[in-house]
Amino acid sequence: VQLQACGGGLVQPGWSVRLSCEPSGSILRINGMGWYRQSPGKQRELVATITSLGRTNYADSVRGRFTIPRDNAKNTVYLQMNSLKPEDTAVYYCNADAVGVDWVPFNSWGQGTQVTVSS
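Quantities reported herein were computed from a predicted structural model and do not represent experimental measurements. All residue numbers refer to position in the chain's written sequence, counted from 1. For a predicted model such as this one, the threshold for reporting local features is a pLDDT of at least 70, and the threshold for listing and counting side-chain atom pairs is 80 or more; totals across whole chains, interfaces and linings nevertheless cover every residue. The side-chain figures draw on all heavy atoms in the structure; neither hydrogens nor water molecules are used.

**Overview of the environment of Ile30**
Relative to the elements of secondary structure, Ile30 occurs in strand E4 (residues 29-38). Considered as a pair, Ile30 and Thr51 are 21 residues apart in the sequence and their alpha carbons are 9.3 Å apart. Pairs of residues are marked as contacts when any of their non-hydrogen atoms sit within 4.5 Å. Apart from residues lying up to four places away in sequence, Ile30 is in contact with Pro23, Arg70, Asn75, Ala96, Asp97 and Ala98. Elements are defined by DSSP. Helices are runs of H or I of four residues or more, strands are runs of E of two residues or more, and each kind is numbered from the N terminus.

**With respect to the state of the cysteines**
Any two cysteine sulfur atoms lying within 2.5 Å of each other are counted as a disulfide. Under the defined criterion, the tally for this structure stands at one disulfide. Across the disulfide from Cys21 sits Cys94; the S-S distance is 2.0 Å. Residues Cys21 and Cys94 are joined through a disulfide that is right-handed, its torsion about the S-S bond being 65°. Placement of Cys21 in strand E3 (residues 17-23) and of Cys94 in strand E10 (residues 90-99) is noted, with a sequence separation of 73 residues between them. Buried means the residue's accessible area, taken with a 1.4 Å probe over protein chains only, is under 20% of the maximum for its type, while exposed means over 50%, and partly exposed covers the values in between. On the basis of relative accessibility, which here comes to 0%, the residue Cys21 falls in the buried class. In this model Cys6 remains outside any disulfide bridge; the closest cysteine sulfur is found in Cys21, 8.6 Å from its own.

**As for the pairing of strand E11 (residues 105-109)**
Pairing between strands is defined by DSSP: at least two bridges between the two strands are required. The pairing of E10 with E11 spans five bridges and is antiparallel. Bridge pairing in E11 links Asn95 to Trp109.

Dropping the structure here:
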């Protein structure tokens with residue numbers, strides 16, 4: 001089962017964008033989920049994570065501007081990005097620790113979605 005991320009695009013500084021990430025097939029449940037990003041020439045970095053109990057963690061660079069809500073019924077996680085800055089430009093990836101319908105746990109990455117912040 002793969003994760004499908006969508007919602008990226010070209011936006012202006014100060015705008016908001018919401019990314020979403022959901023599994024491509026049936027799973028039993030998702031435990032922890034997170035968003036990461038990678039800019040050209042840089043390593044992939046953590047943006048935000050959320051546990052199955054709703055505990056969140058944010059990178060200092062996005063705290064106060066981004067939130068990571070999740071819909072457990074839909075096994076979907078979102079990344080609400082507000083007050084976007086040019087330095088937020090990156091490919092954003094979602095990641096999840098999940099349990100398949102066969103009760104086997106696995107970790108999966110989404111394919112990445114480009115967010116470009118530019119005037």
